[in-house]
Amino acid sequence: MERDISQSFEKYERNMEHERRFRVHELPEGFLDQYPSIHIEQGYIRTRGSENARIRIVDEMMYEFTIKTGQGMSRTEESAEASYPEMKSLWPLTEGRRVEKTRYFVPHESGGVIEVDVFKGDLTGIIIAEFEAESVRDLNAFSPPNWLAEELTESPEWSNQSLAVHGHPERSHAEVAQEIDLDTALYGLKTYISLAHRALERPVVVGVAGGSASGKTTAVADVLTNMLGDDAASLSL
């Protein structure tokens, strides 16, 4: 038991993300063009308070599933590489909850790297810089260059999750109602469960609710159980 607890704590430590975030208002013309960059599209499958699950597309050829928990300087981040078919099955579930951006990697005098995100689409005009470190102590020692403006680390309305769901914090935004057919939702949910299991390295519990005696709960649960095969069990409460 002690070994299991120790291993769990070590995994928790490995998956901790420590970062500070800043807004960028103005940069010298062509400043970012000298640094390497990647194109990112990411959509949020699940958002609940400070927890979220997302699928990310990098340069239209790499796919990553991530579950994040917490807010502020330190959060847990658990990820798993996703295949193209897995990404395709999850992407419809993120409709109305997406961001697109170009990320530039700017070296810092500390030896670390400042990641600068230039947002696109409805979020055009927003530029956010992130600096990640091994510990909170290292973060507190970080000396921001003068082109970084106000700090956003403790401002959840400027998080990627909030920008995807609620839009620009300084503009009005109409949230889009999401309608997905049952087959697409079930296939996406199956993929979500499989990727969550890979990322978390522990069993995943899914609750299915429906109207009283409607039969919908049993139907959905049975379909999911059959889709997942021997790796799943269905319980009725």
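Residues numbered from 1 in each chain as written. Predicted model: local features only at pLDDT ≥ 70, side-chain atom pairs only at ≥ 80, totals over all residues. Heavy atoms only, no water.

**Student:** Looking at this structure, I do not really get the side chain of Thr191. What am I missing?
**Tutor:** When you line up the elements, Thr191 lands in helix H5 (residues 182–200). Among the polar contacts listed, one links the side chain of Thr191 to the side chain of Ser89, at a separation of 2.7 Å. Apart from residues no more than four positions distant in its own chain, Thr191 is found in contact with Glu86, Ser89 and Leu90. (Helix = DSSP H or I, 4+ residues; strand = E, 2+ residues; numbered from the N terminus. Polar contact = N/O pair within 3.5 Å; in protein donor to acceptor, adjacent residues only side chain to side chain. Contact = heavy atoms within 4.5 Å.)

**Student:** I keep staring at the sheet that holds strand S2 (residues 37–48) and nothing clicks. Help me out?
**Tutor:** What holds strands together in a sheet is hydrogen bonding between their backbones, with the strands either parallel or antiparallel. The strand order S1-S5-S4-S3-S2-S6-S7-S8 describes a closed barrel built from eight strands, whose pairing is antiparallel. Across the sheet, the mean angle separating the axes of adjacent strands is 35° when strand polarity is ignored. Sheet analysis places S2 next to strand S6 (residues 98–107), joined by seven bridges and oriented antiparallel. Within S6, the position partnered with Ile38 by the bridge is Arg103. Taken strand by strand, H5 contacts S2, strand S3 (51–58), strand S4 (62–69) and strand S5 (74–82), and its axis lies near 120° from that of S5. (Pairing = 2+ DSSP bridges. Axes fitted to C-alpha atoms, helices over the stretch in contact; angles between N-to-C directions.)

**Student:** I would appreciate a short explanation of the packing of aromatic side chains in the present structure.
**Tutor:** Working definition: an aromatic ring pair is given by the centre-to-centre distance plus the angle between the planes. Overall, the coordinates contain six aromatic pairs when judged by the stated rule. For the ring pair Phe22 and Phe142, a centre distance of 6.0 Å and an interplane angle of 55° mean the geometry is tilted. A residue pair is termed long-range when its members are at least 10 positions apart, and Phe22 in strand S1 (residues 16–23) and Phe142 in the loop between helix H3 (136–140) and helix H4 (160–166) qualify at 120 residues. According to the relative accessible area criterion, Phe22 is buried, its value standing at 4%. One aromatic cluster is present, built from ring pairs that chain together Phe22, Phe131 and Phe142. (Phe/Tyr/Trp six-rings, centres within 6.5 Å; stacked < 30°, edge-to-face > 60°. Buried < 20%, exposed > 50% of the residue type's maximum accessible area, 1.4 Å probe, protein only.)

**Student:** Is there a simple way to explain H5 in this structure?
**Tutor:** Residues separated by three or four positions in an α-helix point in the same direction, a consequence of the helix having 3.6 residues per turn. With 19 residues, H5 should cover 27 Å at 1.5 Å per step; its first-to-last C-alpha distance of 26 Å lies within 8% of that length. Within H5, burial applies to Leu186, Gly188, Thr191, Tyr192, Ile193, Leu195, Ala196, Ala199 and Leu200. Backbone geometry just after H5 places Glu201 at a positive phi near 60°. (Expected span 1.5 Å × (residues − 1).)

**Student:** Looking at this structure, how should I read the pattern of salt bridges?
**Tutor:** For side chains bearing opposite charge, pairing can occur when the charged atoms are close. Applying the stated rule across the entire model yields 16 salt bridges. Between Arg23 and Glu170 there is a salt bridge; the shortest N-O distance is 3.0 Å. With Arg23 in strand S1 and Glu170 in the loop between H4 and H5, this pair connects stretches of sequence that are 147 residues apart. According to the relative accessible area criterion, Arg23 is buried, its value standing at 9%. Residue Glu170 is classed as exposed on the basis of its relative accessible area, which comes to 55%. In this structure, Asp117 and Lys101 form a salt bridge, with 3.0 Å as the shortest nitrogen-oxygen distance. Separated by 16 residues along the polypeptide, Asp117 in strand S7 (residues 113–119) and Lys101 in strand S6 bring together distant segments of the chain. Exposure remark for Asp117: the relative accessible area of 0% places this residue in the buried category. Residue classification places Lys101 among the buried residues on the basis of a relative accessible area of 0%. When salt bridges that share partners are traced, they join Arg21, Lys101, Arg103, Glu115, Asp117 and Glu130 into one network. (Salt bridge = Lys/Arg side-chain N within 4 Å of Asp/Glu carboxyl O.)

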